[in-house]
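Close look at the chain arrangement
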Amino acid sequence: MSKVEEFEELRPLLFSIAYRILGSVSEAEDAVQEAWLRFDGSATRPTSSKAYLSAVVTRISIDVLRSARVRREEYVGPWFPEPLLADPYQDPERAVELADSVSMAALVLLERLSPLERAVFVLREVFAFGFDDIAAAVGRSQAACRQLLVRARRHMQDGRPRFEADREDREELATRFFDALKNGDVAGLQSLLAADVQLVGDGGGKAPQLARAVMGAENVARLLGTVFPWLIRIDVTFEPHEVNGQPGAIFRDRDGRILQTMVLDVLDGRIQTVRAVINPDKLGHLGPVGDAWAVDHEVKQARRQGS
């Protein structure tokens, strides 16, 4: 097998490692490309290309994450990862771990960890790497890696997200939610939401967003059921689509440009959290991005004229 063929076979795994460490599609793609350049430029072939390339992409991702920490601390409003529509790496034996670990909720929780803790946690808990390979990847002893994993698990334990196990149940609930959203059915929306549901948006100061999270089924249902019929009146559309392994949707303006993604956390037959990514910087990898400010202005005009 040539170097190119070997690398392309491992590319889905490398991207999936980098994305979970970084929470960014664009940065993960850059990390994978840098790993290729180093692999291609190496004069010798490693004994295990998987171990070598996984170590390289992990080290690159740790360095990128360290430089991104300050930016994230200064981020305006809640920080969410760049939405991922499909995880390229599949492993039937670890399907549950892979799906849960790529969720918005899990990636936000990973932000609690230091870069080293995050890398060790991802390699061990998600991809089941041995401690010898993990130690080589992060440049620490196996004993130190075990300690890093213990600390990471402790940080993650309390907030670890849980989701509805049955995919059909999640999708059926999401279908009912988006139907009610389209129709402005406030009562219907409220019946699908957990009593303590949260609605949170990530605009990063670059798009219209809520000043703070909206809490409670009645408040969330009333806000969504009031706003979205006006969006539909100005030809905003949405298409249901899995986002980060959970049911969600992509919203577009009348010209088909992306305005936001929305993802639903479902548990015990109710929607627990609604997360919207509106920051245009986090949507460009999905396609042309619309002007959310212009849409917001048009909605306000339509509401004034309609009242």
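Read on for an overview of the structure. (Residues numbered from 1 in each chain as written. Predicted model: local features only at pLDDT ≥ 70, side-chain atom pairs only at ≥ 80, totals over all residues. Heavy atoms only, no water.)

At their nearest, the axes of helix 1 (residues 3-22) and helix 2 (residues 25-41) sit 8 Å apart, and the two run at 140° to each other. Crossing geometry of helix 1 relative to helix 2 is assigned as right-handed. Where helix 1 abuts helix 2, its residues Lys3, Val4, Glu6, Phe7, Arg11, Leu14, Phe15, Ala18, Tyr19 and Leu22 lie against Val25, Glu27, Ala28, Glu29, Ala31, Val32, Ala35, Trp36, Phe39 and Asp40. (Axes fitted to C-alpha atoms, helices over the stretch in contact; angles between N-to-C directions. Helix = DSSP H or I, 4+ residues; strand = E, 2+ residues; numbered from the N terminus. Left-handed = near helix turned anticlockwise from the far one by under 90°. Contact = heavy atoms within 4.5 Å.)

Further remarks concern helix 1. The largest bend along helix 1 reaches roughly 45° and is located at Arg11, with the proline Pro12 sitting one to four residues downstream. With 14 of 20 residues buried, helix 1 is to be regarded as a mostly interior element. Phi for Gly23, located one or two positions after helix 1, is positive at around 70°. (Bend = angle between axes of the 7 residues up to and from the residue. Buried < 20%, exposed > 50% of the residue type's maximum accessible area, 1.4 Å probe, protein only.)

Summarising burial for strand 6 (residues 270-277): six of the eight residues are buried, a large majority. Relative to strand 6, strand 1 (residues 193-202) runs parallel, the two being bridged by six bridges. Bridging from a neighbouring strand, Gln198 pairs with Thr273 of strand 6. Pairing of strand 5 (residues 258-267) with strand 6 involves seven bridges; the strand directions are antiparallel. (Pairing = 2+ DSSP bridges.)

Another aspect to go through is the layout of surface pockets. The gaps of empty space that remain are located by a probe, the size of a water molecule, rolled over the atoms. Size it by volume and the largest pocket reaches roughly 640 Å³. Lining the largest pocket are 24 residues; nearest its centre among them are Pro208, Val227, Gln260, Ile278 and Asp296. Sorting the residues of the lining of the largest pocket by element identifies strand 1, helix 11 (217-233), strand 5 and helix 12 (292-306) as the ones contributing at least two each. In terms of residue class, the lining of the largest pocket is made up of 18 nonpolar, three polar and three charged. Reported here for the second largest pocket is a volume of approximately 470 Å³. Residue lining of the second largest pocket: 23 residues in total, with Ala95, Ala99, Asp100, Arg167 and Gly245 positioned closest to the centre. Listing elements by their share of the lining of the second largest pocket, those giving two or more residues are helix 4 (95-101) and helix 9 (167-183). (1 Å grid on protein atoms, 1.4 Å probe; cavity = no way out; pocket = protein on both sides within 12 Å on 5 of 7 lines; lining within 4 Å. Points joined across faces, edges and corners; volume = space filled by probe spheres on them. Nonpolar A, V, L, I, M, F, W, Y, C, P; charged D, E, K, R; others polar.)

Turning next to the side chain of Asp253. On the secondary structure map, Asp253 appears in the loop between strand 4 (248-252) and strand 5. Look at Asp253 and you get buried, because its relative accessible area is 7%. Ignoring any residue separated from it by four or fewer positions in sequence, one finds Asp253 in contact with Asp235, Leu259, Gly290 and Val295.

Attention shifts here to the sheet that holds strand 5. With mixed pairing, the six strands of this open sheet are ordered in space as 2-1-6-5-4-3. Only two strands of the sheet have a single neighbouring strand rather than two, namely strand 2 (214-215) and strand 3 (237-240). Inspection of the sheet shows strand 1 paired to strand 2 by two bridges, in the antiparallel sense. What sits directly across from Gln198, in strand 2, is Met215. Packed onto the sheet, helix 9 meets strand 1, strand 3, strand 4, strand 5 and strand 6 and runs at close to 130° relative to strand 5.

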